[in-house]
Amino acid sequence: MKKAILLVLTFASLMSCATKKQILYFQDAESIDQAMIKETFEPIIEPNDILHISISSIDSEVVKPFERVTGLENNVGNSNPGLQGYLVDAEGNIRFPVLGDVPVAGKTRGEVQTLLKAKLSEYIKDVVVDVRIMNFKITVLGQVNDPGVYAIKDERITLPEAIGLAGDFTLDGNRNEVVIIRENDGKRIVGRVDFTQTDFFDSQFYFLKQNDVVYVEPSLKGVKKSGFLPDIPALLSLVTVVLSTVIILTR
């Protein structure tokens with residue numbers, strides 16, 4: 001009976017502890033040492049994106065007909081980006097002064113800059129065009145220390161950077177299965193990433209796109225804490241107490 005109790009206690013202790021493989025990130029990091037970065041990332045413009053487009057020239061007067069007038073120039077407190085930028089409509093176009101509808105969806109910022117510069121060069125000899133995505137944001141939810149919606153100013157963020165931005169995993173976060181929800185060509189796709197390995201560095205989910213949702217699931221320990229599963233160590237402790245009581249009473 002004493003051996004049985006010892007085995008129960010040992011099992012309870014093991015069940016209450018996390019293993020090294022469940023906690024450490026990038027456990028095969030040696031495999032990517034000196035590995036070449038295969039791609040750079042530039043976001044693709046999609047419907048409902050909001051673009052900030054600035055044009056300039058040595059002669060500021062020739063630029064004025066192409067500047068978007070919103071009536072908000074003196075309203076510094078207005079923070080609605082949809083009223084300050086160019087909204088990409090459902091057909092993938094923006095309505096640009098003088099030029100009319102300009103197709104931008106499916107293009108990178110650089111491609112849109114080149115397209116606009118070519119069109120504007122017919123009117124402005126030395127035109128300079130700059131395009132930015134104003135509403136590039138990601139959402140990080142679940143078992144992180146600071147969940148929330150994060151605006152990304154430079155339009156480039158990796159999945160590890162997003163987890164760091166959200167304060168890293170909590171102790172109850174499942175590092176083996178991080179979920180990324182993404183809208184792609186009008187469809188919603190879901191990816192799952194194992195943070196204990198580095199193979200996702202070469203996946204489509206390493207660089208996050210605008211409006212991606214990152215969800216960190218709870219680990220088994222976290223699920224048990226929430227009450228969805230019985231707390232096995234607590235149950236084993238109860239069994240141990242019962243067995244000890246039986247031994248004392250039957251002596």
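1. Observations regarding the side chain of Arg 182
Among the structural elements, Arg 182 can be located in strand E8 (residues 173-184). Since its relative accessible area comes to 3%, Arg 182 is described here as buried. A polar contact is formed between the side chain of Arg 182 and the backbone oxygen of Phe 207, at a distance of 3.1 Å. A distance of 2.7 Å separates polar atoms of two side chains, one belonging to Arg 182 and the other to Asp 212. In contact with Arg 182, other than residues within four places in its own chain, are Lys 187, Arg 188, Ile 189, Gln 204, Phe 205, Phe 207, Leu 208, Lys 209 and Asp 212.

2. Some remarks on the sheet that holds strand E2 (residues 86-87)
Judged by pairing direction, the sheet is antiparallel, and its three strands sit side by side in the order E2-E1-E5 without closing on themselves. With one partner strand each, in any of the chains shown, E2 and strand E5 (128-133) form the two edges of the open sheet. Here six bridges tie strand E1 (residues 50-56) to E5, and the two strands are oriented antiparallel to one another. The partner of His 52 across the bridge, within E5, is Arg 132. Running at roughly 145° to E5, helix H5 (residues 109-120) makes contact with E1 and E5 of the sheet.

3. Remarks on the sheet that holds strand E7 (residues 148-151)
Taken in spatial order, the five strands make up an open sheet running E7-E6-E10-E8-E9, and their pairing is mixed. Two strands in the sheet have a free side with no partner beyond their single neighbour: E7 and strand E9 (187-193). Taken over all neighbouring pairs, the strand axes of this sheet differ in orientation by 20° on average, direction set aside. When strand E6 (residues 137-142) meets strand E10 (residues 213-218), the two strands line up parallel, connected through four bridges. Paired with Gly 142 across the strands is Val 216, a residue of E10.

4. As for the nonpolar core
Formed by 43 residues in total, the largest nonpolar core has its most connected members in Leu 51, Ile 53, Ile 94, Phe 96 and Leu 116. Looking at this core, the elements that each hand over two or more residues are E1, strand E3 (93-96), H5, E5, E6, helix H6 (159-165), E8 and E10. Not counting residues up to four positions away in its chain, the partners in contact with Ile 94 are Leu 51, Ile 53, Tyr 86, Leu 87, Val 88, Gly 100, Asp 101, Val 102 and Val 104.

5. Examining the pairing of E6
Across four bridges, E6 lies against E7 in antiparallel orientation. When the sheet's bridge partners are listed, Ile 138 is paired in E7 with Tyr 150.

6. Points about the packing of aromatic side chains
According to the stated counting rule, one finds nine aromatic pairs in the structure shown. A centroid spacing of 5.3 Å and a plane angle of 15° characterise the contact between Tyr 86 and Phe 96, whose relative ring orientation is stacked. With Tyr 86 in strand E2 and Phe 96 in strand E3, this pair connects stretches of sequence that are ten residues apart. Just as Tyr 86 is buried, Phe 96 falls in that class too. Arranged with centres 5.2 Å apart and planes meeting at 80°, the rings of Phe 169 and Phe 195 form a pair that is edge-to-face. Of this pair, Phe 169 sits in the loop between H6 and E8 while Phe 195 sits in the loop between E9 and E10, and the two are 26 residues apart along the sequence. Following the ring pairs from residue to residue traces out a cluster consisting of Phe 41, Phe 169, Phe 195, Phe 200, Phe 201, Tyr 206 and Phe 207. A cation sits over an aromatic face here: Arg 68 above Tyr 86, 5.3 Å from the ring centre.

What counts and what doesn't
Residues numbered from 1 in each chain as written. Predicted model: local features only at pLDDT ≥ 70, side-chain atom pairs only at ≥ 80, totals over all residues. Heavy atoms only, no water. Helix = DSSP H or I, 4+ residues; strand = E, 2+ residues; numbered from the N terminus. Buried < 20%, exposed > 50% of the residue type's maximum accessible area, 1.4 Å probe, protein only. Polar contact = N/O pair within 3.5 Å; in protein donor to acceptor, adjacent residues only side chain to side chain. Contact = heavy atoms within 4.5 Å. Pairing = 2+ DSSP bridges. Axes fitted to C-alpha atoms, helices over the stretch in contact; angles between N-to-C directions. Core = buried A, V, L, I, M, F, W, Y, C linked by side-chain atoms within 4.5 Å. Phe/Tyr/Trp six-rings, centres within 6.5 Å; stacked < 30°, edge-to-face > 60°. Lys NZ or Arg CZ within 6 Å of the ring centre and 35° of its normal.

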